[in-house]
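Coordinate inspection notes
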Amino acid sequence: MLLKLRFHSMEAIWNRILFKIAVEGVERFKKENCDLIIVDTSGRHKQEVALFEEMRQVAEATKPDLVIFVMDSSIGQAAFDQAQAFKQSVAVGAVIVTKMDGHAKGGGALSAVAATKSPVIFIGTGEHMDEFEVFDVKPFVSRLLGMGDWSGFMDKIHEVVPMDQQPELLQKLSEGNFTLRIMYEQFQNLLKMGPIGRYFQCFLDLVLN
Ligand SMILES: Nc1nc2c(ncn2[C@@H]2O[C@H](COP(=O)(O)OP(=O)(O)OP(=O)(O)O)[C@@H](O)[C@H]2O)c(=O)[nH]1
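Predicted, not measured: the structure shown is a model, and the values here were computed from it.

About the criteria used
- Residues numbered from 1 in each chain as written.
- Predicted model: local features only at pLDDT ≥ 70, side-chain atom pairs only at ≥ 80, totals over all residues.
- Heavy atoms only, no water.
- UniProt positions renumbered as here; feature names shortened; annotations may be inferred.
- Helix = DSSP H or I, 4+ residues; strand = E, 2+ residues; numbered from the N terminus.
- Pairing = 2+ DSSP bridges.
- Right-handed = clockwise from strand over helix to strand, strands pointing away.
- Axes fitted to C-alpha atoms, helices over the stretch in contact; angles between N-to-C directions.
- Parallel < 35°, antiparallel > 145°, perpendicular 65-115°, else oblique.
- Left-handed = near helix turned anticlockwise from the far one by under 90°.
- Contact = heavy atoms within 4.5 Å.
- Nonpolar A, V, L, I, M, F, W, Y, C, P; charged D, E, K, R; others polar.
- Phe/Tyr/Trp six-rings, centres within 6.5 Å; stacked < 30°, edge-to-face > 60°.
- Near = heavy atom within 4 Å.
- Polar contact = N/O pair within 3.5 Å; in protein donor to acceptor, adjacent residues only side chain to side chain.
- Areas by Shrake-Rupley, 256 points an atom, 1.4 Å probe, with all protein chains shown as cover.

This part covers the UniProt feature "domain: SRP54-type proteins GTP-binding" (unreviewed entry) in the chain. Here the UniProt feature "domain: SRP54-type proteins GTP-binding" (unreviewed entry) sits at residues 119-132. In residues 119-132, the share of helix is 0% and the share of strand is 43%. The end C-alpha atoms are 16 Å apart.

Moving on to the pairing of strand β3 (residues 120-124). Pairing geometry for strand β2 (residues 92-98) and β3, over three bridges, is parallel. The residue of β3 that forms the bridge with Val95 is Val120. Crossover handedness for the path β2 to helix α4 (residues 108-116) to β3: right-handed. Of the strand pairs in this sheet, β3 and strand β4 (residues 132-134) are connected by three bridges, and their pairing is antiparallel. Along β4, the bridge assignment pairs Phe122 with Val134.

With that out of the way, let us pick up the packing of helix α1 (residues 10-31) against helix α2 (residues 49-62). At their nearest, the axes of α1 and α2 sit 10 Å apart, and the two run at 20° to each other. Taken as axis vectors, α1 and α2 run roughly parallel relative to one another. Handedness of the crossing formed by α1 with α2: right-handed. Contacts between α1 and α2 involve Asn15, Arg16, Leu18, Phe19, Ala22, Val23, Val26 and Lys30 on the former and, on the latter, Leu51, Glu54, Gln57, Val58, Ala61 and Thr62. The residue inventory of the contact of α1 with α2, partitioned by class, reads eight nonpolar, three polar and three charged.

Glancing now at the sheet that holds strand β1 (residues 67-72). The four strands are arranged β1-β2-β3-β4 in an open sheet whose pairing can be described as mixed. For this open sheet the edge positions go to β1 and β4, each flanked by a neighbour on one side alone. The mean inter-strand angle of the sheet, taken between neighbouring strand axes irrespective of direction, is 25°. Examined bridge by bridge, β1 and β2 share six bridges and lie parallel to one another. Along β2, the bridge assignment pairs Ile68 with Ala94. Those strands touched by helix α3 (residues 79-89) are β1 and β2, and its axis lies near 160° from that of β1.

Moving on to the packing of aromatic side chains. In the structure shown here, the tally under the stated rule is four aromatic pairs. Where Phe122 meets Phe132, the ring centres are 5.0 Å apart and the plane angle is 20°; that geometry is what we call stacked. Remark: Phe132 occurs in strand β4 and Phe122 occurs in strand β3; sequence separation between them is 10 residues. Aromatic pair Phe135 and Phe140: ring centres 5.2 Å apart, planes at 65°, arrangement edge-to-face. Of the aromatic side chains, those joined through ring pairs into one cluster are Phe52, Phe69 and Phe86.

Within the structure, the ligand sits among Thr41, Ser42, Gly43, Thr98, Lys99, Asp101, Gly124, Thr125, Gly126 and Glu127. The contact in question runs from a nitrogen atom of the ligand to an N or O atom on the side chain of Asp101, over 2.7 Å. The separation between an oxygen atom of the ligand and a polar side-chain atom of Glu127 is 2.8 Å. Taken by itself the ligand offers 640 Å² of open surface, and the protein chains cover 45% of this. In terms of residue class, the shell around the ligand is made up of no nonpolar, seven polar and three charged.

Have a look at this one:
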């Protein structure tokens, strides 16, 4: 008797299972009339040919309205090759840049935009849902040029600094007049308010630049 055995690598089997879950999941959620269905692939590097092929097949089977290339702001210039590899496999139509709350300025986003010919639509500024922001060109470019996020800072000033103190504070800052007293007063304001981290970050960015 001849016994025929077929061997599959675990990776290949796993990829088929993931493909099935994605395709059947989308079909089911469509039937349930969900407003938004997100298929989130695992992270992949441009050299992982099989994973890119899997992503292409999922896109072909699910026909997404929008394919988003999500990149970490610290990836730097490697973003171009990575984004281009994505674009060659699937029809990338938008970019999201995460971890903008870290030290990286997100310059790689420019490369990703050039490689995919798609706009940045959102940025991630923290680990929670409410730290996902609509992309705004001005503060992004300002930060890239090392000038701090003036418009974000102004928003935070309106939120955190009492109305009657705002003109004086802005006047002093615009004159480059940052004293220990101002710092003390701002610490007092910070302690009274909630979104301490973000405000503090904007404040330091502006004062130190
Ligand atoms: N500080 C900060 N952390 C973030 C941000 N975005 C994601 N993270 C954190 O980074 C970690 C990885 O995030 P994931 O969303 O799992 O990253 P991913 O690229 O989808 O990971 P895989 O698909 O599993 O490769 C998690 O701890 C997130 O909370 C961000 O904008 N800022």
